[in-house]
Amino acid sequence: MSKVIILIAPPGAGKGTQADMIEEKFGYHHLETSKIIEKNFLNADPDDVVINEEKKRWLAGELMKPSTFVPWLIEDIKNIVTNGQGLILSGSPRTIAETPAVLTALEESYGRENIAVLNIELSEEESVKRNGGRRICQANRHPIPNFPEFANLTTCPQDGSPLITRALDKPEIIRERYQVYWRDTAPVLDYLREHGYQINVINGEQSIEKVFSDIVQHLNG
Ligand SMILES: [Zn+2]
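So, here is what we can say about the structure in this document. Because the structure is predicted, anything quoted here is derived from the model rather than measured.

### Re the coordination of the zinc ion
Of the protein atoms, only C137 (SG), H142 (ND1), C156 (SG) and D159 (OD) coordinate the zinc ion, at distances of 2.1 to 2.2 Å. Around the zinc ion, the four donor atoms sit at angles spanning 97 to 122 degrees, and that spread fits a shape best called tetrahedral. Going along the chain, you hit the donors of the zinc ion in the pattern C-x4-H-x13-C-x2-D. Taken together, the positions of C137 in strand β5 (residues 135–137) and C156 in the loop between β6 (143–144) and β7 (163–164) put the pair 19 residues apart, joining distant regions of the chain. We note that C137, like C156, is buried.

Encoded structure:
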């Protein structure tokens, strides 16, 4: 089975949830972009001009510059491979600009034959529907997707805090994020295809369990 899983999907496809499920089933490490960024911001020198600039961009909802983010990601990849652990990437590469450096690090660490690419597909309408009804928990901001299986939930399954809806999850902003995915992230799939990678497409408009069983089937097949 592949030792690296790159998950690429539009907002609302549940890729974070699926990555967590893969982590749990196979003991792989789920490398989350937001956690890498938060950790490095926390450890940075408070007077570092470049980092402070990046912090501003990040807080405004913009992507970080690859020249700052990619070295952080590669450092984490190298640490994980040292432990001999498999890896799931759920938020990166997010743009063509990030892709060559990330791919080189993965190929050097794990070997090209051990890298699997999974693309969970979701229509714009479904993305809006799911994100639009998305809630987060008050205590830790755990996302609760708008799936039927969570409809009756009123408190966070992980910490018991109340669930709230954010203004950020407005339909027009979700449509924008979906367009950004098509403009910036979907071309990464073309890049990978051109470099000889097979893209395993999974229908994201199914239940969480069905999407997961399709993923497992791809990984075992
Ligand atoms: Zn929570």
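There is more to say, and it comes next.
### Quick look at the pairing of strand β4 (residues 115–121)
Of all seven residues in β4, six are buried, a share of seventy percent or more. Sheet analysis places β4 next to strand β8 (residues 199–203), joined by five bridges and oriented parallel. Of the residues in β8, the one forming a bridge with L118 is N200.

### Re helix α8 (residues 208–220)
Look at α8: 18 Å from first C-alpha to last across 13 residues, which is about the 18 Å you get at 1.5 Å a residue. Buried within α8 are the following residues: I208, V211, F212, D214, I215, V216 and L219. Check the buried side of α8 and you find it contacts β1 (4–8), α1 (15–26), β4 and β8.

### Quick notes on the nonpolar core
Counting residues in each nonpolar core, the largest one holds 34 residues, and the members touching the most others are I6, L31, F69, W72, L73, L106 and L192. The element contributing the most residues to this core is helix α4 (residues 66–82), with seven residues. Non-local contacts of W72, meaning those with residues more than four positions away in its chain, are made with I36, I37, N40, F41, I51 and M64.

### Observations concerning the side chain of T99
Residue placement: T99 occurs in helix α5 (residues 99–110). A residue is classified by how much of its surface remains accessible, and T99, at 0% relative accessible area, is buried. A polar contact is formed between the side chain of T99 and the backbone oxygen of T95, at a distance of 2.8 Å. Not counting residues up to four positions away in its chain, the partners in contact with T99 are P93, V188 and Y191.

Analysis parameters
Per chain, residue numbering runs from 1 following the sequence as it is written. Where totals are concerned, whole chains, interfaces and linings use all residues; where local detail is concerned, this predicted model gives features only for residues with pLDDT of at least 70, and gives and counts side-chain atom pairs only at 80 or more. Excluded from the side-chain calculations are hydrogens and water; all other atoms, namely the structure's heavy atoms, are used. Any N, O or S atom lying within 2.8 Å of the metal counts as a donor, and for Na, K and Ca the limit rises to 3.2 Å; water is left out, so some sites can look incomplete. Working rule for geometry: tetrahedral if four donors all subtend angles between 85 and 135 degrees; square planar for four, octahedral for six, if opposite donors exceed 155 degrees and the others stay between 65 and 115; irregular in every other situation. Secondary structure elements are defined from DSSP: runs of H or I of at least 4 residues count as helices, runs of E of at least 2 residues count as strands, and each element is numbered from the N terminus. Exposure categories follow from relative accessible area, calculated using a 1.4 Å probe and restricted to protein chains: below 20% of the type maximum is buried, above 50% is exposed, and the middle band is partly exposed. Note on pairing: two strands pair once DSSP finds at least 2 bridges between them. An expected span of 1.5 Å times one less than the residue number is assigned to each helix. The contact rule is simple, with two residues in contact once any of their heavy atoms fall within 4.5 Å. Side-chain atoms within 4.5 Å are what join buried Ala, Val, Leu, Ile, Met, Phe, Trp, Tyr and Cys residues into a set we call a nonpolar core. We call two N or O atoms a polar contact when they sit within 3.5 Å, provided that within protein one can donate a hydrogen and the other can accept it, with sequence-adjacent residues counted only if both atoms are side-chain atoms.

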